[in-house]
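Residues per chain are reported as follows:
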Amino acid sequence: MSALLLLWVVLLHWATGEGFLQGGKTWQHCTELRPLDVLSEAAPARGLAPGLRVARAQGLLGFQLSAARPRALGFPASRLFVHCDRFPEEFSIVTTLRVPGGPAKRHQYVFTLMADGSPDVLVGLRHGPGKLHFVFRSQRRAGGCHSRVTFHNVSLADGRWHTLVIAVSGRSFSLTLDCGVPEDVTGETPFPASLSVRGASFYLGSRRRRKGVFTGLLRQLVLLPGADATPRVCSTTDLQVAALSVPAVLQDLPPRPRSNEVLRYPYEADTMVTLGARPPCSRQEKAQLWFNASRRGLYLCNGSAWLSVLEAKQKLDYVEDYQNLVTNSETMGIEVFTIPKVGLFAATASRYTLPGSAIYKWTDGKFVPYQNIPTYQAQSWKYFTIGKKIFLAVANFEQNDRGQEFSVIYKWSRRKEKFITYQRISTHRARDWEAFVIEGEAFLAVVNHREGNNHNVDSVIYRWNPSTGLFETNQTIPTSGAYDWEFFTIGPYSFLAVANTFNGTSTNIYSHIYIWLSGSFQLFQSILTFGAADWEVFRIGDRVFLAVANSHSYDSGVPAPSNFYAINSSIYELNITAQMFVKFQDLLTYSALDWEFFSVGDDSFLVVANSFDGFTFSVNSIIYRWQGYEGFVAAHHLPTVGCRDWEAFHTTEGSFLLYSSAKEPLSKVLKLKTTGGWDLSEEKQFRRVSEEQWQCDNIEELSLKDPHDVVVTLLQSYPSCNSVAAAIWRQMVSVRTTADNVLEELLYVLQDWPLHSTFTSDGNRVDIYALAATRALLEITQMRVCQESLRLYFPQLFLALLFQTFSSTEELPEELLCQGGQQEGCHPTAPSRLAVETMKELLCSLGHEGMVLEVEHQGCWEDFLHPDTWHSAMRVLASEMSGMSWSSLYYMAQRLVKLLSRENPRWEVPAMALLAELLAYPHMEVCDERVLQLAPKYLKSKSSVMRCLMLRALITLCHEPRTHETMQVLQRRLMELLGDADGEVVIMTLNLLSKILHKFNTPVINIMALELAGTLQPLFHHDNIHVQLLSLQLFQHIMEAVKKEESKLLKAQVHQSLVPLLCLLHEESQEVAEASRVTLLRAATFLKKRRLRQLLKKCKTWAVDECLLSQCSSSRAVQYVWQALWCLQSPQQPVREAAVRFLGLAGQHLKGQEKELQLIRRALQLLRDDVNLSVANLAVQAQLNLRAAEEAASSRPSLRERLRRAWRGWAAPWARG
């Protein structure tokens, strides 16, 4: 009865809906429909979890996850599911994230919910190339298999912030991306109604292991039970603040102005003024005001667009690297143009015929490939329109596959949205097209550079025939190796200037300006130029200027100057009175190939394409600012490589410069960073100078006057790490001039680790620790206020920080090693860790965020902190440095070579380690000779690490044929290194020697091979397996590579190797045994031992000993005995056993060689006491066999006695007869 009563109570309890959940509460009670903030749980207000780092991108903060400790980014699910242990059946997941641009290398998890002790994922979200996967564990399938719902065409890898809402209910799955149109998917399997989370844990950005870790930034990750979160998230017009719950540490809101009740935040929108990023302007926002703080401008929405009410005057502040545009090949020119209602394009003129020239389209703030057009060493493009027709003409320099030489005009097809071939025009080494309109008629002029070897040819002007719809010849103009046409108008007059470059004997020739008169162009003015490559016309106010780019000065009849390429390019101004262009200014250029004029605000600029200075193609191109009476003054120096052409363009994202390189398949998009300020007359009524501002102005003045003393004083204040010092640093580096001075002073300190001694202006001696300078640099890079200066000093700063990661704390006082939480704003101060963090910030500040994330993904930043993993971390970092400009890599390589060339260099290990990796990058040949000069010094270094690093550098260089002479000089030292005690040194030496023999085939190298053959044989029995394998492989190569006339000299060495190779057939390592068999087979082929080769091919190793001895003379057998005696020293039992067997067999073949027999007997006698019993027993057996053979030989009659007996037997019958 009691049992039935108990059953009834249990059933009643279940029927009432209370269930068996903890505390008697169902899931409905424990959710309360509130957002569960997964991200905040991993980053509580009291501090960040290990493996989390706050990073800023596009004005928003997010968490960057470390791949080194994925388990540290997890927490028990019970911290979110407090009152129950079941996952909701209906829910939404809201996440805001940013994925770095570029193709995704693998699928990456945003989060997972996993059962402890099990590799299974209960719930997870991961993204891949163009897809988003929601995974969960299904309870309907047998064994609870995984189910996956895939959303296609989800492009997240564009470097922008995205907000995703995934709503789940049964079989219905919905994705809303950036509050757009939802994508609904019906799954095969419904989400489980009761998914237990007991004992499970949430993991951020991974599935509890390093593979597949999320490499982007996370700002929001919220679970909303029981409701679709889309309406709540998309209720705002600003997606950057569209959030259910963002961790407090990521809510980086600026302080509200105290005395300005008008400028409020968007969430205080009782007024009609909005701050922040550009808001939408529609009918709903009509009459609202928007204040752009970065440009200091006030704008009014008219219902469709923002109109300027009070706008700042833009000023060019600095230029930053924006996009590396990888091209089909080196490019000779670029044309940027806009097709109405289609977009902005850039056409590149590829230097090589294959695979043609590419056209790129500006999409989502960057150029992406759009169309590829076959060209033949294209030199330039020209975009033009005739009525509604859109054309693009290419100047081809080479003939096509059929030997035809023509350039092509392409027409834009509105239906196909591509350029298609329209008209072919015969040209002669065409360099440039110029399109223009005169009196309503369209013209197209081509520059013919030369015909065959004749540079004095006619260039042609074509006129558009509306009837035929084709261009027809209108006029020819004589030109001399011409490069460029430039058309311009002044009032009612039209002009055409040609840049003549070379007449067959000289570049010092006249270029001409023609004027349109009576239906044709007639000579207007001739100007002496020096290899003119470009004309650029521009206007400043009412003044008209014409700039020529002079490339080089050469005259076959005049002695050559010291430098052909360092030459003035000139700017001419139109003199209305004289009716001619007169020289206005000369500017020193280095093989200038192009000028480009552009404006920022009210300021005018000229940028020159410097291509070659006579020594290197890595030359700074310069932006000149118009300074009125002073003319053009250098303002910005831009590192370029073989710069060929500049183009300026504007988009909604800002103003940009694009340059093409004729020496590397990479063009660069540079962004013009501007600052704005109200006109002084407008600002006076608003501005009040506070005492704090006055102090800052004085600091700026003082830092300009004496930056050294200011920097020294600030560095002495460390390790106080106070905010006052940080504010002063910010003020100093906010101005370009002082920023350069500050960074230069910091660099002096950084390079003098650990203590830098200096004097202040008053003569006092001051000591500063480099650690203080590292901290200051970390703060400066985080401010993002002096990008141009950082870019200028980047190579030196990067090297100094990398060297610091190699240092230790032994020379630092304890008071300098403050902990992160002891003082306000103090950073981690272990020298290597601080240097790593500063290096990461420096890279991120200059646009190398992808490189930092990739190294982080491989867990290598932490490896810099440990001596045993430093070198591997450095190699990973160096492999990711391809995104840096060639000029930066080249400067680093030159700097490292110079440092290593000193008599007692500091940082020689990290310097050589990085140099060895940089030499593998393209176009580093200029460093080869200087690196080879370092080899004799560092190959003799007492440090085995330095010997290894030098060998690594030589391995990289040995692929260059021009280095073989130096390699021959080093051969003696390299063969000495084969006896080095460090196995790693021997391995790298063998690798280098192998590459030398493979790459170079000279008499000297062949002699080297003969000497090397004898040196290699002791390495066959080296205690390092890799040494054994490499030495065997190299010995094979020597036998294969030696020429016939030198094969006789090598035969002796090969004979000496036979017995050691025979013994190695019994090596314990199967790899070494097989390599020995292959080498012995090659030796048999070399010595033409057919029987031996057949036995080896059939792997009959037991018969090889007998075969070898049966085919040799007694003198050769004696040599074999000595080789076998040497093999008895091997530590390996099978090798010694093989040597004993060979000696026993050889003794039976050595008749009359008493000296050698005595050696064999003595060796076998000693082996009877061998530590290995099998070797000892085999030695005893060999002794017995040898003794028996000797006794049998002594009891057998001699040949004379046998002949005498035979004679007697034959002659006896005759005697009796």
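About the cut-offs
- Residues numbered from 1 in each chain as written.
- Predicted model: local features only at pLDDT ≥ 70, side-chain atom pairs only at ≥ 80, totals over all residues.
- Heavy atoms only, no water.
- Helix = DSSP H or I, 4+ residues; strand = E, 2+ residues; numbered from the N terminus.
- Buried < 20%, exposed > 50% of the residue type's maximum accessible area, 1.4 Å probe, protein only.
- Contact = heavy atoms within 4.5 Å.
- Pairing = 2+ DSSP bridges.
- Axes fitted to C-alpha atoms, helices over the stretch in contact; angles between N-to-C directions.
- Salt bridge = Lys/Arg side-chain N within 4 Å of Asp/Glu carboxyl O.
- Phe/Tyr/Trp six-rings, centres within 6.5 Å; stacked < 30°, edge-to-face > 60°.
- Lys NZ or Arg CZ within 6 Å of the ring centre and 35° of its normal.
- Core = buried A, V, L, I, M, F, W, Y, C linked by side-chain atoms within 4.5 Å.

A. Focus on the overall build of the protein chain. Along the backbone of the protein chain there are 32 helices and 50 strands. Looking at the protein chain as a whole, 54% of its 1217 residues are labelled buried. Of the contacts made within the protein chain by residues no fewer than 6 positions apart, 56% connect residues no fewer than 24 positions apart.

B. Examining helix α13 (residues 849-857) more closely. Counting buried residues in α13 gives eight out of nine residues, a clear majority hidden from the surface. Inspection of α13 places Glu849, Met851, Val852, Leu853, Glu854, Val855, Glu856 and His857 among the buried residues, and these make up the whole buried set. Considering only its buried residues, α13 is in contact with β3 (60-65), β6 (90-98), β16 (217-225), α12 (831-845) and α14 (867-879). With its phi angle positive at about 65°, glycine 859 sits one or two positions after the end of α13.

C. Representation of the pairing of strand β30 (residues 430-438) in the model. Within β30, eight of the nine residues are buried, which leaves the element mostly enclosed by the surrounding structure. Inspection of the sheet shows β30 paired to strand β31 (residues 441-448) by eight bridges, in the antiparallel sense. By the bridge assignment, alanine 435 is partnered in β31 with leucine 444. Between β30 and the antiparallel strand that follows it, β31, lie two residues; glutamate 439 among them carries a positive phi value of about 55°.

D. Molecular detail of the sheet that holds strand β40 (residues 566-575). If you trace the four strands from one edge of the open sheet to the other, you get β38-β39-β40-β41, paired in antiparallel fashion. Edge positions in the sheet fall to β38 (532-540) and β41 (580-590), since each of these pairs with one other strand and no more. In this sheet, neighbouring strand axes are inclined to one another by 20° on average, regardless of whether the strands run parallel or antiparallel. Bridging between strand β39 (residues 543-550) and β40 involves four bridges; their strand directions are antiparallel. Bridging from a neighbouring strand, phenylalanine 545 pairs with glutamate 573 of β40.

E. Spotlight on the pattern of salt bridges. In total, this model carries 21 salt bridges according to the counting rule given. With its nearest N and O atoms 2.6 Å apart, the salt bridge here joins aspartate 85 to arginine 198. Separated by 113 residues along the polypeptide, aspartate 85 in the loop between β4 (74-76) and β5 (86-87) and arginine 198 in the loop between β14 (195-196) and β15 (200-204) bring together distant segments of the chain. Exposure remark for arginine 198: the relative accessible area of 67% places this residue in the exposed category. When salt bridges that share partners are traced, they join Lys315, Asp603 and Arg625 into one network.

F. The packing of aromatic side chains, seen in detail. Evaluation of the coordinates by the stated rule reveals 62 aromatic pairs. Their ring planes at 10° and their centres at 4.7 Å tell us that phenylalanine 538 and phenylalanine 597 sit as a pair that is stacked. One end of the pair, phenylalanine 538, is in strand β38; the other, phenylalanine 597, is in strand β42 (residues 592-600), with 59 residues separating them in the sequence. On the basis of relative accessibility, which here comes to 3%, the residue phenylalanine 538 falls in the buried class. Exposure remark for phenylalanine 597: the relative accessible area of 18% places this residue in the buried category. Between phenylalanine 1020 and phenylalanine 1035, the ring centres sit 5.6 Å apart and the planes meet at 85°, which makes this aromatic pair edge-to-face. With phenylalanine 1020 in the loop between α22 (1003-1016) and α23 (1025-1041) and phenylalanine 1035 in helix α23, this residue pair connects regions lying 15 residues apart in the sequence. Residue phenylalanine 1020 shares its accessibility class with phenylalanine 1035, and that shared class is buried. Among the aromatic residues, ring-to-ring pairing joins Phe75, Phe81, Phe87, Phe91, Phe111, Phe134, Phe136, Phe173, Phe191 and Phe202 into one connected group. For arginine 429, the ring lying beneath its charged end belongs to phenylalanine 397, and the centroid distance is 5.3 Å. Across the ring face of phenylalanine 617, the terminal group of lysine 663 is positioned such that the distance to the ring centre comes to 4.4 Å.

G. Region of the structure containing the nonpolar core. If you look at the biggest cluster of nonpolar residues, it comprises 160 residues, and the most contacted ones within it are Leu715, Trp729, Leu746, Phe798, Met881, Met950 and Leu1016. No other element matches the 10 residues that helix α11 (residues 787-804) contributes to this core. Among all residues touching leucine 715, those that are not within four sequence positions of it are Trp729, Leu746, Val749, Ile768, Ala772, Ala773 and Ala776. Among the nonpolar cores identified, the runner-up in size contains 49 residues, and Leu36, Phe87, Val149 and Leu164 belong to it.

These values are about where atoms sit, not about what they do.
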